[in-house]
Amino acid sequence: MITIRRARYEDIANIMRFMDEHWKPGNILAKNQDFFEWQFVDGDKLNMFLGEDDESGKIYGIMGAIVYNRSSNPDVSGCTWQVIKSCNPMLGLDLSEYMYTQLNGRYNCAAGLSNKAVRLNELLGYNITEMDHYYRLADREDYKIARVADKNILVTEETGYSLESIYSVEEMQQIISEETLAAQILSKDYAYIEKRYFGHPIYHYDFWKIVDEKRGSHSVLITRDEIMQDRRVCEIIDHYGRMEDLGKIAGALDRLMEEREYEFVDVYSYGIPVEIYEQGGFVRCDQHSENIIPNYFHPFVQENIPLKMIDYGLPGLRLFRGDGDQDRPC
C-alpha cells in the first residue's frame, strides 16, 4: 500500500535519488544537498510530500512547495511534481490534494508548467495560458545572445524616473511595507523575500528602487544578470509596489544597458496590463516572434521559450519569473 506523508529531514537522500532517476537527472536539486535544503527545509519540516510503499519504503511520487508567507493560510506554488507507475493511478492528484490540505494554502499559483503538467491540468478542466514575455533591446551593433532580425527599439518620452541600488531588506521595507506585501496575490512576507533573494546560495540579485521625478519611490525591481561568453543580459525577476512604474523606466533601463553593456532587458510576467509595457517601450515576444530572446542559459538555448501556467482568473494576481522555482540554477 502507498502512504502519502510530509517528508522529514532523514528522507532527503532518498528524495534526491528519486529526483535524479525519475524527475530531472543531473538537476541541482538532485545533486546538491545544500541547495535542496535551502529550497525545501522549513524549520524541522520539509515543504515536500511523498507517496511511498508502506513495507519497502520505495518512493513512488513527490511534490514540493514554495511557501510565500508564514501565516496560517499562506499562498503557495507547487513544484518538483513527479510520480512513477504504482498501484495508485491517482497518486499525482492525491499528492497534490494532500499537500495543499496540509499547508492550508489560500491560493496555489505557479508558472512554468511542463508538458505533462499541461496535459494533466487540461484533463482536470483548467484553462492554460502563457506568461507575457516582453523585452527592450540595447542599441548595439551586433547581438550574440539575442538573435535580432528586426532591431525595433521604441522611442519613449523621458519621464525623469531613475533606478537606484538598494542593498538590504531594511532599505526595501522603507519603500514597500509589510501591509502592502500582504495585500497582494501572491502574498509574500519579508522572511520569504530575505531568504529567496538576499540569501540565495548561488545567484546574485540586484535590487533597485524606482525613483520618480519628485525623488519619491513606490516600487522595487529585482534583476539578475545572465552571461554567455563575453555577453550579458538583464532579466527582470520580480517587482513589488506600483506596477505603473514599469511603464516609466525605459530611459533608466537604456542607461543601465549602456553602463553594463547588456544586450537586452526582458521580463516574464502575468497580470501586468499590456498598456504599461507598451508605454515603457517594451516589445512583446512569443514563440513565433522574428527576434529570439532566450530564456534558457544552462545549457544555452537560443529559442523563444513560452512559460505556461494555469489561467487562475484571480483579479489582482501578479506573477513574475522569480515566483515558483522558474528562476533556479539547473
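Our subject is the structure that appears above.
Let us look at the structure shown here.

### What about the side chain of N121?
Locating N121 in the fold gives a position in helix α5 (residues 115–123). Other than its neighbours up to four places away in sequence, N121 contacts L113, Y126, I128 and I310.

### A word on the layout of surface pockets
Within this model, the second largest pocket holds a volume of roughly 560 Å³. Along the wall of the second largest pocket there are 33 residues; nearest its centre are D42, N47, V67, Y68 and K195. Contributions of two or more residues to the lining of the second largest pocket are made by α3 (33–40), β2 (41–42), β5 (59–67), α4 (91–103) and α8 (190–198). Among the elements that make up the lining of the second largest pocket, the one with the highest residue count is α8 (4 residues). Here the lining of the second largest pocket is built from residues that sort into 11 nonpolar, 10 polar and 12 charged.

### A look at the pairing of strand β8 (residues 132–137)
Of all 6 residues making up β8, 6 are buried, and the element is well covered by its neighbours. Burial of β8 is two-sided: the residues D132, Y134 and R136 facing one way and the residues H133, Y135 and L137 facing the other way are all buried. In this sheet, strand β13 (residues 262–270) lies alongside β8 in antiparallel orientation, the contact comprising 6 bridges. Bridge pairing links Y135 to D266 in β13. Across 2 bridges, the pairing between β8 and strand β14 (residues 283–284) is antiparallel. Paired with Y135 across the two strands is V283, which belongs to β14.

### Points about α4
Note: α-helices contain 3.6 residues per turn, so residues at a spacing of three or four share the same orientation. Taking 1.5 Å as the rise per residue, α4 with 13 residues should run 18 Å; its terminal C-alpha atoms sit 18 Å apart, in good agreement. Elements in contact with the buried residues of α4: β1 (2–6), β4 (48–53), β5 and β6 (76–83). N104 occupies a position one or two residues after α4 and carries a positive phi of about 55°.

### Side note on α8
Those residues of α8 that sit buried are Y190, Y192, I193, R196 and Y197. Across the axial projection of α8, the buried residues extend over an arc of 145°, all falling on one side. Of the residues flanking the start of α8, the one acting as N-cap is D189, its side-chain oxygen 3.3 Å from the backbone nitrogen of A191.

### Some points on unusual backbone geometry
The residue after I185, namely L186, is reached through a cis peptide bond having omega 10°. Cis rather than trans, the peptide bond between H298 and P299 has omega equal to 5°. Position of P299 among the secondary structure elements: in the loop between β15 (296–297) and β16 (300–301). Positive phi is not limited to glycine here, since T80 has a value of about 45°. Mapped onto the secondary structure, T80 falls in strand β6. Among the residues examined, T80 registers a relative accessible area of 4% and is labelled buried. Positive phi outside glycine occurs at E261, with the angle close to 60°. Residue placement: E261 occurs in the loop between α9 (250–260) and β13.

### Some words on empty space enclosed by the protein
Throughout the structure, instances matching the rule amount to 1 cavity of 30 Å³ or more. By volume, the largest cavity is sized at about 60 Å³. Here the element with the most residues in the lining of the largest cavity is strand β12 (residues 231–241); it accounts for 3 residues. A class-by-class count of the residues in the lining of the largest cavity yields 4 nonpolar, 2 polar and 4 charged.

### Looking at the nonpolar core
The biggest cluster of nonpolar side chains holds 65 residues, and the ones touching the most others in it are I15, F36 and M48. Broken down by element, the residue count for this core peaks at 7 residues, all from β5. When near neighbours in sequence (up to four residues on either side) are disregarded, F36 contacts I12, I15, M16, M19, L29, V41, L46 and M48. Membership of the second largest hydrophobic core comes to 23 residues, among which are A138, L246, Y262 and I272.

Conventions we followed
- One numbering rule holds for all chains: residues counted from 1, following each sequence as written.
- Local features in this predicted model are restricted to residues of pLDDT 70 or higher, and side-chain atom pairs are both shown and tallied only at a pLDDT of 80 or more, whereas totals for entire chains, interfaces and linings draw on every residue.
- The side-chain figures draw on all heavy atoms in the structure; neither hydrogens nor water molecules are used.
- Counting from the N terminus, the helices are the DSSP runs of H or I reaching at least four residues and the strands are the DSSP runs of E reaching at least two.
- By the convention used here, residues are in contact when the closest approach between their heavy atoms is within 4.5 Å.
- Put simply, the grid is 1 Å and covers the protein atoms alone, a cavity is a trapped set of points that fit a 1.4 Å probe, a pocket is an open set with protein on both sides within 12 Å along at least five of seven lines, and lining residues have an atom within 4 Å of a point.
- Grid points are joined across faces, edges and corners, and a volume is the space filled by probe spheres set on the points.
- Residues are grouped as follows: nonpolar covers Ala, Val, Leu, Ile, Met, Phe, Trp, Tyr, Cys and Pro; charged covers Asp, Glu, Lys and Arg; every other residue, Gly included, is treated as polar.
- Each residue gets one of three labels from its accessible area relative to the maximum for its type: buried under 20%, exposed over 50%, partly exposed in between, using a 1.4 Å probe on protein chains only.
- A pair of strands counts as paired when DSSP detects no fewer than two bridges linking them.
- By definition here, a helix of n residues has an expected span of 1.5 Å times n minus one.
- Note that the arc is computed from the directions linking the helix axis to the C-beta atoms.
- Distance and chemistry together define a polar contact, namely a pair of N or O atoms within 3.5 Å, with one atom able to donate a hydrogen and the other to accept it when in protein, and with adjacent residues in sequence counting only for side-chain atoms on both sides.
- Residue types Ala, Val, Leu, Ile, Met, Phe, Trp, Tyr and Cys, when buried and joined through side-chain atoms within 4.5 Å, form a set referred to as a nonpolar core.

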